[in-house]
Structure formats: C-alpha cells, structure tokens
Amino acid sequence: MAFDMYAGGQHESIGHHEEFLFGLAQENESRYPELVAIWQTLYAGPRISSAQAGALVHELIELLSSNGGLANKSLANLVVRLLPFFSMAYRARQEIRCSSD
C-alpha cells in the first residue's frame with residue numbers, strides 16, 4: 001500500500017492505484033483543501049487531526065458527487081471504504097497517524 005492510516009486501533013490505506021483521488025482533488029484545490037494538503041505531504045508521514053478527518057468526510061462526499069457519483073465505480077468504492085474510517089476518527093476525536101512507502 002502507498003499510504004497507510006492508523007487511528008484508534010483501526011487501519012485504512014490508499015493504494016498506489018487509488019492515488020487518482022488526489023488528482024481529482026487538485027483540479028479544484030479550493031473545494032478540497034484537506035485532500036490536497038494530504039497529497040502535498042503524502043510521503044512525509046502527515047498526521048490528520050480529528051477536525052481534518054471530519055472535513056475529509058465532506059470533501060470525499062463532494063468529490064464523489066462531482067465526479068459521476070456511484071456510476072464512477074472506482075471512485076465510489078474508494079470513497080465508501082474511506083468514509084467510515086475518517087468518520088470514526090472525527091467522532092472519537094482521534095488523530096490519524098500516517099505512513100507511506
């Protein structure tokens with residue numbers, strides 16, 4: 001996996017083949033500031049605060065909605081997988097620790 005995230009005993013990741021997510025976000029940086037911030041620090045092992053995790057939930061929903069919704073299968077599968085992880089970190093006020101290869 002390219003980007004591993006850990007919070008509260010849970011783990012999620014974004015694989016190399018899923019990094020297209022960040023390219024979509026970069027097309028409109030002002031709409032997706034948290035996604036772009038992660039991309040800019042991806043290989044520096046960023047930490048994501050619980051507040052940022054909450055913002056990411058909304059950015060991911062908007063990104064999916066703006067890029068074909070559920071008809072965009074690869075994006076939909078990725079977003080649906082990531083949403084519960086970021087939501088859990090936000091609700092539990094947990095910082096997300098990240099590492100990348």
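Keep in mind that this is a model prediction, so the values were computed, not measured. In every chain, residue numbers begin from 1 and rise along the written sequence. This being a predicted model, a pLDDT of at least 70 is required before a residue's local features are given, and a value of 80 or more before pairs of side-chain atoms are given or counted; all residues contribute to the totals for chains, interfaces and linings. Values reported for side chains reflect all heavy atoms of the structure, with hydrogen atoms and water molecules removed beforehand.

Chemist: Looking at this model, I keep getting lost on the environment of Asp4. Mind explaining?
Modeler: By definition, any uninterrupted DSSP run of H or I lasting at least four residues is a helix, any uninterrupted run of E lasting at least two residues is a strand, and each is numbered from the N terminus. You can see Asp4 is positioned in strand β1 (residues 3-7). Remark: the alpha-carbon pair of Asp4 and Glu62, spanning 58 residues in sequence, is separated by 23 Å. Note on contacts: a residue pair is in contact if any heavy atoms of the two residues lie within 4.5 Å. With sequence-adjacent residues up to four places away left out, Asp4 is seen in contact with His11, Glu12, Ser13, Arg97, Cys98 and Ser99. Side-chain atoms alone can form a polar contact between residues adjacent in sequence; in general such a contact is a pair of N or O atoms within 3.5 Å, and within protein one must be able to donate a hydrogen while the other accepts it. A distance of 2.9 Å separates polar atoms of two side chains, one belonging to Asp4 and the other to His11.

Chemist: Sorry, what's going on with the packing of aromatic side chains here?
Modeler: We describe a pair of aromatic rings using the distance from one ring centre to the other and the angle between the two ring planes. Here the aromatic set is Phe, Tyr and Trp, taking the six-membered ring for Trp, and pairing holds for ring centres within 6.5 Å; pairs whose planes are under 30 degrees apart are stacked, those over 60 apart are edge-to-face, and all others are tilted. The tally for this structure, following the rule as stated, stands at two aromatic pairs. Measuring from ring centre to ring centre gives 5.7 Å for Phe85 and Phe86, while their planes differ by 65 degrees; the resulting arrangement is edge-to-face. Neither Phe85 nor Phe86 differs from the other in exposure class; each is buried. Buried, partly exposed and exposed residues are distinguished by accessible area as a fraction of the type maximum, computed with a 1.4 Å probe on protein chains only: under 20%, between the cut-offs, and over 50%, respectively.

Chemist: Help me understand empty space enclosed by the protein, please; the structure alone is not making it clear to me.
Modeler: Empty space among the atoms becomes apparent when a probe as large as a water molecule is rolled across them. Of the two site types, the cavity is a set of points on a 1 Å grid over the protein atoms alone where a 1.4 Å probe fits but cannot get out, and the pocket is an open set with protein on both sides within 12 Å along at least five of seven lines, each lined by residues with an atom within 4 Å of a point. Grid points are joined across faces, edges and corners, and a volume is the space filled by probe spheres set on the points. Evaluation of the coordinates by the stated rule reveals one cavity of 30 Å³ or more. Empty space within the largest cavity amounts to approximately 30 Å³. Taken together, Ile14, Leu21, Phe22, Leu35, Ile38, Leu60, Leu82 and Phe86 form the lining of the largest cavity. Gly falls in the polar group here, along with every residue not listed as nonpolar (Ala, Val, Leu, Ile, Met, Phe, Trp, Tyr, Cys, Pro) or charged (Asp, Glu, Lys, Arg). Considering only residue class, the lining of the largest cavity consists of eight nonpolar, no polar and no charged.

Chemist: I would appreciate a short explanation of helix α4 (residues 73-91) in the present structure.
Modeler: One less than the residue count of a helix, multiplied by 1.5 Å, gives the span that helix is expected to have. Across its 19 residues, α4 extends 27 Å between first and last C-alpha, which sits within 8% of the 27 Å expected from 1.5 Å per residue. Note on bend: the value at a residue is the angle between axes fitted to the seven residues ending there and to the seven starting there. The largest bend along α4 measures about 25 degrees and falls at Leu82, with the proline Pro84 one to four residues further on. By the burial criterion, the buried members of α4 are Leu75, Ala76, Leu78, Val79, Leu82, Phe85, Phe86, Met88 and Ala89. Looking one or two residues past α4, Arg93 carries a phi angle of roughly 55 degrees, positive in sign.

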